[in-house]
Amino acid sequence: DAKTTQPTSMDCAEGRAANLPCNHSTISGNEYVYWYRQIHSQGPQYIIHGLKNNETNEMASLIITEDRKSSTLILPHATLRDTAVYYCIVRVNNAGNMLTFGGGTRLMVKP
Amino acid sequence: EADIYQTPRYLVIGTGKKITLECSQTMGHDKMYWYQQDPGMELHLIHYSYGVNSTEKGDLSSESTVSRIRTEHFPLTLESARPSHTSQYLCASSGAGGANVLTFGAGSRLTVL
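Quick caveat, the model's predicted, so the values are computed rather than measured.

Hey, could you run me through unusual backbone geometry in this one?
Most peptide bonds take the trans form, and the phi angle of most residues other than glycine is negative. The amide bond that connects T7(B) to the next residue, P8(B), takes the cis arrangement and shows omega of -10°. One non-glycine residue with positive phi stands out, namely R68(A), at about 65°. Structurally, the position occupied by R68(A) is in the loop between β6 (61–64) and β7 (70–75). Phi at N53(B) is positive, roughly 65°, even though this residue is not glycine. Looking at the secondary structure, you find N53(B) in the loop between β5 (43–49) and β6 (56–57). Among the residues examined, N53(B) registers a relative accessible area of 69% and is labelled exposed.

Set out below in structure tokens:
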């Protein structure tokens with residue numbers, strides 16, 4: 001599996017965009033980028049995933065660089081409720097895979 | 001809204017007791033998982049199941065056992081609880097449409113005295 005590198009923590013002002021980076025320089029061609037978040041010891045919540053094209057849903061946008069070696073999760077208007085640990089995971093999308101959660105980025109949204 | 005339910009949410013129990021943490025999902029998902037997480041630490045996969053009568057151990061060794069007799073139900077059992085089992089246990093499931101899109105339950109926080 002491709003290893004991911006994320007900053008340990010980040011701050012963001014409420015109402016501003018939160019941009020969470022993830023490096024995955026050893027990603028292979030059939031590996032997807034997945035993002036989850038975990039709010040204060042609740043179960044992790046799936047946010048978004050993508051292969052090579054940028055993706056957007058009601059929660060966030062995912063920007064993947066052309067060489068696919070890094071990606072950015074964007075929360076366009078962060079709220080206090082977005083304070084959480086955000087996990088970037090790279091995996092092949094098949095039934096044999098078990099997700100492994102690393103340390104993630106602890107995002108603190110401040111008023 | 002998540003359709004995966006864990007009970008109990010909180011359990012405080014004495015050493016040596018047998019406990020079962022329940023996990024049920026109403027989404028018809030084939031794959032189910034148990035993760036263990038200590039406060040402020042990473043999640044670790046301890047058990048998973050591809051379907052009925054299928055169970056496998058995960059990355060982290062655990063003294064717990066699991067069973068999958070029905071698609072919707074994936075209980076975790078500790079035959080003799082010890083203080084080292086104190087942790088949060090999170091159940092998840094995923095369907096055929098997205099093997100890596102997991103839906104998690106709210107978790108069961110176990111404290112063994």
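I keep staring at the environment of K3(A) and nothing clicks. Help me out?
All names here are of chain A. Its location among the elements puts K3 in the segment before β1 (9–13). Note on K3: relative accessible area 63%, which makes it exposed. When the C-alpha positions of K3 and M98 are compared, they lie 14 Å apart, and in sequence the two are 95 residues distant. Filtering out sequence-adjacent residues up to four positions away, K3 remains in contact with N23, H24 and T26.

Hey, could you run me through the sheet that holds strand β3 (residues 31–38) of chain A in this one?
In a beta sheet, neighbouring strands are held together by backbone hydrogen bonds and run either parallel or antiparallel to one another. Residue and element names in this part refer to chain A. If you trace the 5 strands from one edge of the open sheet to the other, you get β1-β9-β8-β3-β4, paired in mixed fashion. Looking along the sheet, the strands with just one partner apiece sit at the ends: β1 and β4 (45–50). For this sheet the average axis-to-axis angle between neighbouring strands, irrespective of direction, equals 25°. When β3 meets β4, the two strands line up antiparallel, connected through 5 bridges.

Calculation rules
- Residues numbered from 1 in each chain as written.
- Chains lettered and ligands numbered in written order.
- Predicted model: local features only at pLDDT ≥ 70, side-chain atom pairs only at ≥ 80, totals over all residues.
- Heavy atoms only, no water.
- Helix = DSSP H or I, 4+ residues; strand = E, 2+ residues; numbered from the N terminus.
- Buried < 20%, exposed > 50% of the residue type's maximum accessible area, 1.4 Å probe, protein only.
- Contact = heavy atoms within 4.5 Å.
- Pairing = 2+ DSSP bridges.
- Axes fitted to C-alpha atoms, helices over the stretch in contact; angles between N-to-C directions.

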